[in-house]
Amino acid sequence: HVEPAQAGLLGRMMALAPQLAAARPWKGITPGKSTRADVEAKFGKPPQAQENQGKCAARLIYNADKKPEGAREVHVCVDAAGKVVEMSVFPDTVLDRSTVEEAFGEEYRKKLTDEFLTYWHYEREGLVVFFEKGNKNVKVMLYVEAKPGAKKPPAKEKTPTGGGGDEDGAGE
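Residues numbered from 1 in each chain as written. Predicted model: local features only at pLDDT ≥ 70, side-chain atom pairs only at ≥ 80, totals over all residues. Heavy atoms only, no water.

Caption draft 1: Just helix α3 (residues 97-104), in detail. Within α3, burial applies to Arg 97, Val 100, Glu 101 and Phe 104. In an axial view of α3, the angular spread of the buried residues amounts to 95°, which keeps them on one side of the axis. Within α3, the exposed residues directed more than 90 degrees away from the buried face are Glu 102 and Ala 103. Of the residues one or two after α3, Gly 105 is the one with positive phi, at around 95°. (Buried < 20%, exposed > 50% of the residue type's maximum accessible area, 1.4 Å probe, protein only. Helix = DSSP H or I, 4+ residues; strand = E, 2+ residues; numbered from the N terminus. Arc of directions from axis to C-beta.)

Caption draft 2: View of the packing of aromatic side chains. In total, this model carries eight aromatic pairs according to the counting rule given. Centre to centre, the rings of Trp 26 and Phe 43 are 6.0 Å apart; their planes meet at 50°, and the pair counts as tilted. With a gap of 17 residues between them, Trp 26 in the loop between α1 (4-16) and α2 (36-43) and Phe 43 in helix α2 connect regions that are remote in the sequence. Where Tyr 119 meets Phe 130, the ring centres are 4.9 Å apart and the plane angle is 25°; that geometry is what we call stacked. With Tyr 119 in strand β6 (residues 118-122) and Phe 130 in strand β7 (residues 127-131), this pair connects stretches of sequence that are eleven residues apart. Here Tyr 119 falls in the buried class, since its relative accessible area comes to 6%. One aromatic cluster is present, formed by Phe 104, Tyr 108, Trp 120, Tyr 122 and Phe 131 through successive ring pairs. Over the ring of Trp 26 we find Lys 27, and its NZ or CZ is 5.6 Å from the ring centre. Lying across the ring of Phe 131, Arg 97 places its NZ or CZ 5.5 Å from the centre. (Phe/Tyr/Trp six-rings, centres within 6.5 Å; stacked < 30°, edge-to-face > 60°. Lys NZ or Arg CZ within 6 Å of the ring centre and 35° of its normal.)

Caption draft 3: Representation of the sheet that holds strand β1 (residues 48-53) within the structure. Strand order across the open sheet formed by eight strands is β1-β2-β3-β4-β8-β7-β6-β5, with antiparallel pairing between neighbours. On the outer flanks of this sheet lie β1 and β5 (109-112), each paired with one strand and no other. Direction aside, neighbouring strands of the sheet carry axes that sit 20° apart on average. Sheet topology note: the β7/strand β8 (residues 138-143) ladder contains five bridges and is antiparallel. By the bridge assignment, Leu 127 is partnered in β8 with Tyr 143. (Pairing = 2+ DSSP bridges. Axes fitted to C-alpha atoms, helices over the stretch in contact; angles between N-to-C directions.)

Caption draft 4: The pairing of strand β3 (residues 71-78), seen in detail. Along β3, seven of the eight residues are buried, which leaves the element largely enclosed by surrounding structure. Where strand β2 (residues 56-62) meets β3, five bridges bridge the pair, whose relative direction is antiparallel. If you follow Ala 58 over to β3, its bridge partner there is Val 78. Strand direction decides the pairing type here: β3 and strand β4 (residues 84-91), joined by seven bridges, are antiparallel. Bridge pairing in β4 places Glu 73 opposite Phe 90. Hairpin connection from β3 to β4: five residues lie between these consecutive antiparallel strands, with Gly 82 at a positive phi of about 90°.

Caption draft 5: Spatial organisation of the nonpolar core. Of all hydrophobic cores here, the largest spans 25 residues; its most connected members are Trp 26, Val 39, Val 76, Tyr 122, Val 129 and Tyr 143. At the level of secondary structure, the elements contributing two or more residues to this core comprise α2, β2, β3, β4, α3, β6, β7 and β8. The contact partners of Trp 26, leaving out residues within four places of it in the chain, are Phe 43, Pro 68, Glu 69, Ala 71, Val 74, Met 87, Val 89 and Tyr 143. Counting residues in each nonpolar core, the second largest holds seven residues, with Phe 90, Tyr 119, Phe 130 and Val 140 among its members. (Core = buried A, V, L, I, M, F, W, Y, C linked by side-chain atoms within 4.5 Å. Contact = heavy atoms within 4.5 Å.)

Caption draft 6: Fine view of the pattern of salt bridges. On inspection of all chains with the given rule, the structure shows five salt bridges. Linking Lys 55 and Glu 86 is a salt bridge whose minimum nitrogen-to-oxygen distance equals 3.2 Å. In this pair, Lys 55 sits in the loop between β1 and β2 while Glu 86 sits in strand β4, placing the two residues 31 residues apart along the sequence. Overall, the relative accessible area of 32% leaves Lys 55 in the partly exposed class. Linking Arg 109 and Glu 123 is a salt bridge whose minimum nitrogen-to-oxygen distance equals 2.9 Å. Placement of the pair is Arg 109 in strand β5 and Glu 123 in the loop between β6 and β7, with a sequence separation of 14 residues. (Salt bridge = Lys/Arg side-chain N within 4 Å of Asp/Glu carboxyl O.)

Listed below in structure tokens is the structure:
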């Protein structure tokens, strides 16, 4: 179940997600390649589906007892042709900034939402990581189509303690 505040953030996140070209898979589902049938074969029939959600002809929502391992909730946006456009994965464990960098690297563009929450966009891999207020832990990971030809983000400046960039989320 998505809280009203979460639904609003989700809508804004989807507006930020570009329409691009081959993506990082999650649990074998790849935006731009996988279909609704692939999703349902992998995760089962969703407990909830919302029709006609903007660019999503259908939004498949997995939560409660019917959620993929590793997530407390997953939303899969499917277009009119039945192709997966994007997936919003709300992790069921706490993931902090250093864990994200260890897993996905440092080639991301650091950006801010209209609410001044930090997100990292891994354009080449089709992954957008949104952080909770305080910018320490992951709120949601948005898997989208990748932009393989995207320019490499600028190198992160190292602080005297060896960390990467500012920690307050007010960068770029």
